[in-house]
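Each chain, written out:
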Number of protein chains: 2
Amino acid sequence: MLSSDHSSVVAINLFVALLCGCVVIGHLLEENRWMNESITALIIGLCTGAVILLTTGGQSSHLLVFSEDLFFIYLLPPIIFNAGFQVKKKQFFRNFMTIMLFGAVGTLISFGIISVGAMHFFKKMNIGDLTIADYLAIGAIFSATDSVCTLQVLNQDETPLLYSLVFGEGVVNDAASVVLFNAIQSFDLSQFDSTVALHYVGNFLYLFILSTLLGVLAGLLSAYIIKKLYFGRHSTDREVALMMLMAYLSYMLAELFSFSAILTVFFCGIVMSHYTWHNVTESSRVTTKHAFATASFVAEIFIFLYVGMDALDIEKWNVISDSLGKLAWVSGILLGLILVGRAAFVFPLSFISNLTKKASHEKIHFKQQVTIWWAGLMRGAVSMALAYNQFTSLGHTQMRGNAMMITSTISVVLFSTVVFGLLTKPLVRILLPSPKHLTRMLSSEPSTPQSFFVPLFGNENGSEADQSNQNVRRPNSLRMLLTTPSRTVHYYWRKFDDGFMRPVFGGRGFVPFIPGSPTERNDHQWE
Amino acid sequence: MLSSDHSSVVAINLFVALLCGCVVIGHLLEENRWMNESITALIIGLCTGAVILLTTGGQSSHLLVFSEDLFFIYLLPPIIFNAGFQVKKKQFFRNFMTIMLFGAVGTLISFGIISVGAMHFFKKMNIGDLTIADYLAIGAIFSATDSVCTLQVLNQDETPLLYSLVFGEGVVNDAASVVLFNAIQSFDLSQFDSTVALHYVGNFLYLFILSTLLGVLAGLLSAYIIKKLYFGRHSTDREVALMMLMAYLSYMLAELFSFSAILTVFFCGIVMSHYTWHNVTESSRVTTKHAFATASFVAEIFIFLYVGMDALDIEKWNVISDSLGKLAWVSGILLGLILVGRAAFVFPLSFISNLTKKASHEKIHFKQQVTIWWAGLMRGAVSMALAYNQFTSLGHTQMRGNAMMITSTISVVLFSTVVFGLLTKPLVRILLPSPKHLTRMLSSEPSTPQSFFVPLFGNENGSEADQSNQNVRRPNSLRMLLTTPSRTVHYYWRKFDDGFMRPVFGGRGFVPFIPGSPTERNDHQWE
């Protein structure tokens, strides 16, 4: 029946069967203190790749070649959207400035160190023709941390501060590396001066703001439509479909306008969980929460399976088969640069961030700094996608320099995901021995997507509402803004949210009465 | 960031935006007595196609060309799986023989009449070179009813008997036309005799049985795995992911073995809703129910949008631009043959089916026969896909005969969906004026996916349990089997189900205790 060839049907079957296998094996290894889902998928992918390689007699198996489009169009959006949808918004916004510092400034520092380091070491090693643009691209490629892997290592409930810092940094970092990478590709070295540098900074801010706005707008639009039209009256499926489609539309629109689609869909997720999610029926709430999480979960496993299988694609290894020793050196140097480059911003920037905080529990202590440093060392699919884009774009994979960079990217991704990944869980356990204690200290929220601020009127979670009520008690506007800026911003945002946003866009407490729909209950739905 | 060209990003954006539009407009037109979702999507697709045609100055817009792969690999599986997952199993199996009669024998009758009719009329019309294989293919193409459209016209709760007959027929019919179509493509006319005919009948039965078995096995495997491993203990997302992946795997495996994937995934859905669905946590149950329905809903809208936009693809119209009058004749003749071909099996086969029933409420009355006849007249995406396969397979779309058949297929699909579709709702209302009365007569089930048989022990739905209890009271095996065969089969199936299947594969009443999971409640979850 299908017009596609037999081999692609075989490939889809193989992939789906492997995904099932990963789900089951991942479940069986859940209690294991070393493994996580990504590593399981990566290893299964590697094994399958090896089997395919052996059965096809060492031929290139093109059905397993990494495709940027598949990654950026289908796999990344659900992961990032779900991250925004499930993120603890209070923590995220409380640490917003620190996250931006790490994500934007940190990425720039890491980019600089890796670029300069690579230029310094690789020029002496005779690994093929690499231009200055290539070295800068290497900096951008290896500055992109793997937010997917990080999410699986840290636990949002156990270490909320760290989670929001590392994950928030990951999202901003993704955007920053992609912007950097695009900037490099249109880079004219002969005319580089401070004006051009300022131009790039301006460009980054422009992209950041527009991407965020687009995501917020898409989220608000979905909330408004669902609130106005009472979809739930007829069909809960329509609500779910609209949320899904609008989120995806925001991502693709951002791609269309060359914004940072990752940022857009992340903020769309945040707005949807703050407004839209409260306007739908209870069935829709359960469905969206779990369906988005499932889509994200499957996409993550898919990516790591894919990377694992692709790593053994024989073609690119043939070109550098005579210089495996050199490959080991290159990969080692890159790993070292990643370690140094990340250390060079995590510790200084944490110090700066700590200067602005007064309370001890808001500061980032040394052990936490080490965890942040370590948790962001993994490199993943974004690095792979950027490397393919840079080093295979003109079809000259056969050139030694390019083949060397592709294979060393694969080596770095595999090594950092497996080795650093395996060590993270034990490390977190050693450095932060009593996560329960931490949790209590940092006023965690329940794990349902919920509003940025608990509403003032409220028949639920009374204690938390009271607590945030005390935090923001009547600031004396200007003086308060200078002394405790974030609390003041929070206070006015909350006034605005209650006075204007919620009446228009719905949200917690503003659910209209829908005939036949159960009233909201929060007790046991979220197991 | 994307390596794909700008135009495909634009196309995706356009499509997602149109899907959002269809969801919203479909909701607004819900109360309208003429429209349904398919027609809305088709008309929006047509309008968009027209706008694209005008803006591109009448050029062929290749980003909107119908792709069989997209249809068969991504869009059809969720629709058919969801149909199996949500079908009222009691009704379906009670009418199993009638459904098979309509689906298999009926399709063959319709195929014969349309083939012979087309051969008779078109040979005189000089519409280009068409071989005998082409005429037989036309018979298969126009025998494939559109189960998607039918689902939207009839209501499972209002007319359960008709719904199960028409829908069940649609699924079997899909399988039958695909088998017929494949048989024709490997057809050797010089050697056709009764042996060959028997061979094809054997082939059909072989495909039917193996396809069904594969689907049942996949469903049972998923039930067994989830029951054994207590996925819900850790993560409800794992359960949802596994159900989704196993269902898709069954579909793709069937494609791999050249079975009827539609049948496989349909039976996989039935088994999953009978066993697997009862083994998962309550959150997973809500999520799967609505997520599968949403996926199916979006895929349906997608197909009709697609067909609508593709209909205006200018290339194929150019070839026959000088013979539009002839196109109208060809389309008219085909529509006539469809009407006659369907009448030729619905009324005789209903008569045969009525002979085997004793109770008046089990018989198919004349008005219901007319409704069955009418509801299956629409032709849709399966016809389109088969037509593309037959008439563009060797790259000779430019030939007049082929272009004529493609364009007339489009015309028939558009006309039957829009005109017959628009008339169906009023017709059903005239022919079956009091659906409420019908419902009571035909012992409807609540609309949750639930077990084939209500368990005997049970603290819920007492009345229905009692009723089915009376129906199957101790038959005196052999004599009963001859007089009331279906009840006897039911009785032994139920004994087998309670004694062996449920203890092994779970199912209603056998949910293991999962810490942290709420106990089953059926009261208000399903709005």
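Counting starts from 1 at the beginning of each chain's written sequence and moves along it residue by residue. Here the convention is simple: chains get letters from A, ligands get numbers from 1, in the order in which they are written. Per-residue local features are limited, in this predicted model, to residues with pLDDT of at least 70; the limit for side-chain atom pairs, both in listing and counting, is 80 or more; totals at the level of whole chains, interfaces and linings are taken over all residues. Just so you know, side-chain values use all the structure's heavy atoms and leave hydrogens and water out.

As annotated in an unreviewed UniProt entry, chain A carries the name Sodium/hydrogen exchanger and comes from Hibiscus sabdariffa. Within the UniProt record for chain A, the comment given under Subcellular location (unreviewed entry) is "Membrane". UniProt positions are given in the numbering used here, feature names are shortened, and annotations may be inferred rather than shown by experiment.

## Details of the overall build of chain A
Helix and strand definitions here come from DSSP, where helices need a minimum of 4 consecutive H or I residues and strands a minimum of 2 consecutive E residues; each element is numbered from the N-terminal end. Of regular secondary structure, chain A possesses 21 helices and zero strands. For every residue, the accessible area obtained with a 1.4 Å probe (protein chains only) is divided by the maximum for its type, and the residue is called buried under 20%, exposed over 50%, and partly exposed between those limits. Relative to its 527 residues, chain A shows a buried fraction of 60%. Between two residues, a contact is recorded if the distance between any of their heavy atoms is within 4.5 Å. Residue pairs at least 24 apart in sequence account for 83% of intrachain contacts in chain A once pairs closer than 6 positions are excluded. Here chain A has roughly 20700 Å² of accessible surface; of this, 66% comes from carbon and sulfur atoms. Per-residue accessibility takes into account occlusion by the displayed protein chains alone, with areas from the Shrake-Rupley method and a 1.4 Å probe.

## Re the packing of aromatic side chains
Residue and element names in this part refer to chain A. Pairing of aromatic rings covers Phe, Tyr and the six-membered ring of Trp, with a centre-to-centre limit of 6.5 Å; geometry is then stacked below 30 degrees between planes, edge-to-face above 60, and tilted otherwise. Scanning the entire structure with this criterion turns up 49 aromatic pairs over all chains. When the centroid spacing of 5.6 Å and the interplanar angle of 55° are considered together, the rings of F257 and F259 count as tilted. Where W374 meets F420, the ring centres are 5.1 Å apart and the plane angle is 55°; that geometry is what we call tilted. Here W374, found in helix α15 (residues 366-375), pairs with F420, found in helix α17 (residues 400-431); they are 46 residues apart in sequence, far enough to count as distant.

## Quick look at the nonpolar core
By nonpolar core we mean a set of buried residues, namely Ala, Val, Leu, Ile, Met, Phe, Trp, Tyr and Cys, connected to one another through side-chain atoms within 4.5 Å. F122 and I138 of chain A together with F122 and I138 of chain B are the most contacted members of the largest nonpolar core, which has 291 residues in total. Beyond its immediate sequence surroundings of up to four residues, F122 of chain B is in contact with I127, Y135, I138, V330, I333, L334 and M405 of chain B.

## Some details on the environment of W329 of chain A
Residues and elements named next belong to chain A. By the element assignment, W329 lies in helix α14 (residues 324-356). According to the relative accessible area criterion, W329 is exposed, its value standing at 61%. Along the primary structure W329 and G499 are separated by 170 residues, whereas in three dimensions their C-alpha atoms are 61 Å apart.

## Here's the deal with the environment of T40 of chain A
Residues and elements named next belong to chain A. Structurally, T40 is set in helix α2 (residues 37-55). On the accessibility criterion, T40 (5% relative accessible area) is buried. The sequence separation of T40 and H361 amounts to 321 residues, and the corresponding C-alpha distance is 35 Å. With residues near it in sequence (within four places) discarded, T40 still touches I25, G26, L29 and M35.

## Notes on the side chain of T287 of chain A
Take T287 of chain A: it is sitting in helix α12 (residues 282-311). The exposure class assigned to T287 of chain A is buried, which follows from its relative accessible area of 0%. Beyond its immediate stretch of four places on either side in the chain, T287 of chain A contacts V240 and F292 of chain A together with V286, T287, H290 and A291 of chain B.

## Thoughts on the packing of helix α3 (residues 68-86) of chain A against helix α11 (residues 261-279) of chain A
Residues and elements named next belong to chain A. Contact geometry for α3 and α11: axes closest at 7 Å, N-to-C directions at 45°. Our classification of the angle between α3 and α11 gives oblique. Relative to α11, the crossing made by α3 is right-handed. Between α3 and α11, the residues in contact are L76, P77, I80, F81, A83, G84 and F85 and I262, V265, F266, C268, G269, I270, M272, S273 and W277, respectively. Ten residues, namely Ala, Val, Leu, Ile, Met, Phe, Trp, Tyr, Cys and Pro, are considered nonpolar, four, namely Asp, Glu, Lys and Arg, are considered charged, and the remaining ones, Gly among them, are considered polar. When the residues that make up the contact of α3 with α11 are grouped by side-chain class, the tally is 13 nonpolar, three polar and no charged. Lines fitted to the C-alpha atoms define the axes, with helices restricted to the stretch that makes contact. Angles between their N-to-C directions range from 0 to 180 degrees. For classification purposes, an angle smaller than 35 degrees is called roughly parallel, one larger than 145 roughly antiparallel, one from 65 to 115 roughly perpendicular, and anything else oblique. Each crossing is labelled by how the near helix is turned from the far one, with a counterclockwise turn of less than a right angle marking it left-handed and a clockwise turn marking it right-handed.

## Observations concerning the pattern of salt bridges
It is possible for side chains of opposite charge to pair when their charged atoms get near one another. Residue and element names in this part refer to chain B. Here a salt bridge means any side-chain nitrogen of Lys or Arg lying within 4 Å of a carboxyl oxygen belonging to Asp or Glu. Enumeration according to the criterion identifies six salt bridges over all chains in this entry. Ionic pairing is found between E169 and R342, a salt bridge with its closest N-O pair at 2.9 Å. Of the two residues, E169 is situated in helix α8 (residues 160-185) and R342 in helix α14 (residues 324-355); the sequence distance between them amounts to 173 residues. Comparing E169 with R342, the two get one shared label, buried. Residues D498 and R502 are paired through a salt bridge, measuring 3.1 Å at the closest nitrogen-oxygen approach.

## A few points about the state of the cysteines
Sulfur atoms of two cysteines make up a disulfide when they are within 2.5 Å. Applying the stated criterion across every chain, the model contains zero disulfides over all chains. With no disulfide of its own, C22 of chain B lies closest to C20 of chain B among cysteine sulfurs, the gap being 9.4 Å.

## Side note on α12 of chain A
In this scheme, a helix's expected span is set at 1.5 Å multiplied by one less than its residue total. Over its 30 residues, α12 of chain A extends 44 Å from the first C-alpha to the last, a length consistent with the 44 Å expected when each residue adds 1.5 Å. Here α12 of chain A lies mainly inside the structure; 29 of its 30 residues are buried.

## Points about unusual backbone geometry
All names here are of chain A. Phi is positive for S258, close to 60°, though the residue is something other than glycine. Positionally, S258 belongs in the loop between α10 (236-256) and α11. S258 gets classed as exposed once you look at its relative accessible area, which sits at 54%.

## Examining helix α8 (residues 160-185) of chain A
The first and last C-alpha atoms of α8 of chain A sit 37 Å apart over 26 residues, in line with the 38 Å expected at 1.5 Å per residue. Summarising burial for α8 of chain A: 24 of the 26 residues are buried, a large majority.

## Notes on the environment of L220 of chain B
All names here are of chain B. Structurally, L220 is set in helix α9 (residues 194-229). In this structure the C-alpha to C-alpha distance between L220 and T488, which are 268 residues apart in sequence, comes to 24 Å. If we skip the residues at most four places from it in the chain, L220 touches V271, Y275, M501 and F505.

## Some remarks on the confidence of the model for chain A
All names here are of chain A. pLDDT measures how confident the predictor is about each residue, on a scale from 0 to 100. Here chain A averages 77 in pLDDT, and 78% of its residues register 70 or above. Of all the helices and strands in chain A, helix α19 (residues 462-471) carries the lowest mean pLDDT, 39, while α10 carries the highest, 93. Segment residues 435-475 is flagged for pLDDT under 50; beyond a separation of four residues in sequence, or across chains, it makes 82 contacts in the model. Below pLDDT 50 for its whole length, residues 512-527 participates in 38 contacts with residues either more than four positions away or in separate chains. Reported for the predicted complex are a pTM of 0.81 and an ipTM of 0.80.

## What to know about a nonpolar patch on the surface
All names here are of chain A. The patches described consist of residues with a relative accessible area above 30% and no salt bridge, like charges being joined within 9 Å and nonpolar side chains (Val, Leu, Ile, Met, Phe, Trp, Tyr) within 5 Å. A cluster of nonpolar side chains, namely L198, V201, L205, I209 and L213, defines an oily patch on the protein surface of about 480 Å² accessible area. Mapped onto the secondary structure, L198 falls in helix α9 (residues 194-229). You can call L198 exposed: its relative accessible area is 62%.

## Structural notes on the packing of α9 of chain A against α10 of chain A
Residue and element names in this part refer to chain A. Where α9 meets α10, the axes come as close as 9 Å, and the angle between the chain directions of the two elements is 160°. With respect to their mutual orientation, α9 and α10 come out roughly antiparallel. The two elements α9 and α10 cross, and the hand of that crossing is right-handed. Mapping the contact onto sequence places L214, A218, L221, S222, I225 and I226 in α9 and E239, L242, M243, M246, S250, L253 and A254 in α10. Taken together, the residues of the contact of α9 with α10 sort by class into 10 nonpolar, two polar and one charged.

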